[in-house]
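What the coordinates show
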Amino acid sequence: MSDQAKLTSKGQITVPLRVRNMLGVKTGDRISFEQVGDDIVVRPVRDRNPFAKYRGIFATGQDQGMEEFLKEFSEFRGRGEE
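Residues numbered from 1 in each chain as written. Predicted model: local features only at pLDDT ≥ 70, side-chain atom pairs only at ≥ 80, totals over all residues. Heavy atoms only, no water.

1. So, the layout of surface pockets
- The calculated volume of the largest pocket comes to roughly 250 Å³.
- What lines the largest pocket is a set of 14 residues, among which Met-1, Val-15, Pro-16, Val-19 and Val-42 lie closest to the centre.
- Tallying contributions element by element places helix α1 (residues 17–23) first for the lining of the largest pocket, with three residues.
- Among the residues making up the lining of the largest pocket, the classes are represented as 11 nonpolar, two polar and one charged. (1 Å grid on protein atoms, 1.4 Å probe; cavity = no way out; pocket = protein on both sides within 12 Å on 5 of 7 lines; lining within 4 Å. Points joined across faces, edges and corners; volume = space filled by probe spheres on them. Helix = DSSP H or I, 4+ residues; strand = E, 2+ residues; numbered from the N terminus. Nonpolar A, V, L, I, M, F, W, Y, C, P; charged D, E, K, R; others polar.)

As structure tokens, then:
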């Protein structure tokens, strides 16, 4: 793979679409530049697990059955019992 970007007078670049897709980044995401030997490695910045914000939203208890889970999930989404 060989993609190029032009550096502006402010030191900015536009990351080519193919590279953004490979990195899985979108507008507003952060990327890091790390020196590894003579190379520069570009990586997406992943602050934390994307599912971390959902941790602990259900009071699941131990060995909760699927029915109880679906009931709690419906209540969480504001639908009550369905």
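2. What about the side chain of Ser-32?
- Considering the arrangement of structural elements, one finds Ser-32 in strand β1 (residues 31–36).
- Side-chain polar atoms of Ser-32 contact the side chain of Glu-34, separated by 3.4 Å.
- Ignoring anything within four residues of it in the chain, the contact list for Ser-32 reads Val-41, Val-42, Arg-43 and Val-45. (Polar contact = N/O pair within 3.5 Å; in protein donor to acceptor, adjacent residues only side chain to side chain. Contact = heavy atoms within 4.5 Å.)

3. Some details on the pairing of β1
- For β1 and strand β2 (residues 39–44), the ladder comprises six bridges, and the chain directions are antiparallel. Residue pairing in the sheet places Ser-32 in a bridge with Arg-43 of β2.
- Remark: two residues form the turn of the hairpin made by β1 and β2, two consecutive strands paired antiparallel; Gly-37 in that turn has positive phi of roughly 65°. (Pairing = 2+ DSSP bridges.)

4. A word on the pattern of salt bridges
- Applying the stated criterion to the full structure yields three salt bridges.
- The partner of Asp-29 in a salt bridge is Lys-26, with the nearest N and O atoms 3.6 Å apart.
- The partner of Glu-34 in a salt bridge is Arg-43, with the nearest N and O atoms 2.7 Å apart.
- Classification of Glu-34 as partly exposed rests on a relative accessible area of 32%.
- On the basis of relative accessible area, Arg-43 is assigned to the partly exposed category, the value being 38%. (Salt bridge = Lys/Arg side-chain N within 4 Å of Asp/Glu carboxyl O. Buried < 20%, exposed > 50% of the residue type's maximum accessible area, 1.4 Å probe, protein only.)

Read these as layout, nothing more, since geometry by itself doesn't imply function.
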